[in-house]
Amino acid sequence: MKKLILANLKMYFNSKEDVDKYLNELKNEDFIAFPSYIYLEKFINKGLTCGVQNISVHDIGAYTGEISASSVKNLGVNYTLIGHSEIRKQNETDEIINQKIQIALKNNLTPILCVGENLEAYNQKQTKIIITKQIKDALKNINKEIIISYEPVWAIGTNKTPTSEEIEDIINYIKNLFTYNIKVLYGGSVSEKNIETLNKINNVDGFLIGFSATDPSSLKKIIEVTQK
Ligand code: PGA
């Protein structure tokens, strides 16, 4: 089955000229883009499938600075990341993550739930305990299908990754927590340099890519390798 390639563009672009340059260098590559909200329309107009990096727990109303699931859905967005570690560390609790998943599903956005351990937990071999709790709490009272991305916190933006065996083991472990088939991605320092190796991991359904996805040639190489 074709692997999913997700480009988490974070806050890497800060001018519309840079975004135009980026989009001009892409042709018909098959990936899902998660740009800043303010550039969403540019990506959608280019014909790209889009997601957002976060959504509000609220649907509509007096919530200064928040962006609702319904507003991005109305713009043509189909996915949302939820529980990315860069947002979890701003006091996003598992309860909030659970509410965000519910509101995403209510608005027909597919949630990509990000889970992963920090370095201390990794060193203490606590990964499975941590991600089991993150998944159970995030999916409390939810039985609709979502996508999960395994992203060790210590592998994000560090050029470090777990071994292929470790990633395969965690992905199998996550899949076995469910009675139905679920897509599980890997994210954390995926690049054009390690994609050949990562792509050989059994059972990985795709990749969530941050920094490397901001370079069109790296992104194209990653897509090419994963579609072979
Ligand atoms: P990275 O980020 O590829 O820059 O490590 C991945 C992510 O945060 O989703």
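Our subject is the structure listed above.
So, how was this worked out
- Residues numbered from 1 in each chain as written.
- Predicted model: local features only at pLDDT ≥ 70, side-chain atom pairs only at ≥ 80, totals over all residues.
- Heavy atoms only, no water.
- Helix = DSSP H or I, 4+ residues; strand = E, 2+ residues; numbered from the N terminus.
- Buried < 20%, exposed > 50% of the residue type's maximum accessible area, 1.4 Å probe, protein only.
- Contact = heavy atoms within 4.5 Å.
- Areas by Shrake-Rupley, 256 points an atom, 1.4 Å probe, with all protein chains shown as cover.
- Salt bridge = Lys/Arg side-chain N within 4 Å of Asp/Glu carboxyl O.
- Near = heavy atom within 4 Å.
- Polar contact = N/O pair within 3.5 Å; in protein donor to acceptor, adjacent residues only side chain to side chain.
- Nonpolar A, V, L, I, M, F, W, Y, C, P; charged D, E, K, R; others polar.
- Pairing = 2+ DSSP bridges.
- Right-handed = clockwise from strand over helix to strand, strands pointing away.
- Axes fitted to C-alpha atoms, helices over the stretch in contact; angles between N-to-C directions.

Turning our eyes to something else, we now look at the overall build of the protein. Summing up its helical and strand segments, the protein has ten helices and eight strands in all. Each principal axis of the C-alpha atoms in the protein carries an extent, and together these give about 45 × 40 × 30 Å. A total of 228 residues make up the protein; the buried ones form 53% of that total. Taking all contacts inside the protein whose residues are at least 6 apart in sequence as the whole, residues at least 24 apart take part in 70%. Counting every atom, the protein has about 11700 Å² of accessible surface; 47% of that belongs to carbon and sulfur.

Our next topic: the pattern of salt bridges. Oppositely charged side chains can form a pair if their charged atoms are brought close together. If you walk through the whole model with that rule in mind, you get twelve salt bridges. For Glu86, the salt bridge identified is with Lys10, shortest N-O distance 2.9 Å. Linking Glu86 in helix α4 (residues 85-88) with Lys10 in the loop between β1 (4-8) and α1 (16-24), this pair joins segments that are 76 residues apart in sequence. Since its relative accessible area comes to 30%, Glu86 is described here as partly exposed. Where Lys221 meets Glu196, a salt bridge forms, and the shortest distance between an N and an O atom there is 4.0 Å. Pair noted here: Lys221 is in helix α10 (residues 216-226) and Glu196 is in helix α9 (residues 195-198), with a separation of 25 residues, a long-range link. Residue Glu196 is classed as partly exposed on the basis of its relative accessible area of 34%.

Contacts to the ligand come from 13 residues, most closely from Lys10, His84, Gly157, Ser189 and Gly210. With respect to the ligand, the backbone of Gly157 contributes an N or O atom lying 2.7 Å from an oxygen atom. Take Phe211: an N or O atom from its main chain is 2.9 Å from an oxygen atom of the ligand. Surface burial for the ligand is 98%, taken as the share of its 280 Å² of free accessible area covered by protein chains. For the shell around the ligand, the per-class residue count stands at five nonpolar, six polar and two charged.

Moving on: the pairing of strand β4 (residues 79-82). By the alternation rule, side chains of β4 split into Tyr79 and Leu81 and Thr80 and Ile82, which are all buried. Two elements, strand β3 (residues 49-52) and β4, share two bridges in a ladder whose sense is parallel. By the bridge assignment for β4, Val52 is matched with Thr80. Note that the unit made of β3, helix α3 (residues 69-75) and β4 has a crossover that is right-handed. Where β4 and strand β5 (residues 110-115) come together, four bridges link them in parallel fashion. The residue of β5 that forms the bridge with Leu81 is Ile112.

Residue placement: Asn74 occurs in helix α3. A residue is classified by how much of its surface remains accessible, and Asn74, at 69% relative accessible area, is exposed. Between the C-alpha atoms of Asn74 and Asn107, which are 33 residues apart in sequence, the distance is 9.3 Å.

Our next topic: the sheet that holds strand β6 (residues 147-150). With respect to topology, eight strands assemble into a closed barrel ordered β1-β2-β3-β4-β5-β6-β7-β8, the strand pairing being parallel. Direction aside, neighbouring strands of the sheet carry axes that sit 25 degrees apart on average. Sheet topology places β1 next to strand β2 (residues 32-34); three bridges connect them, and they run parallel. Bridge pairing in β2 links Leu6 to Ile32.

So, to be careful, I would describe these as geometric facts and stop short of saying anything about function.
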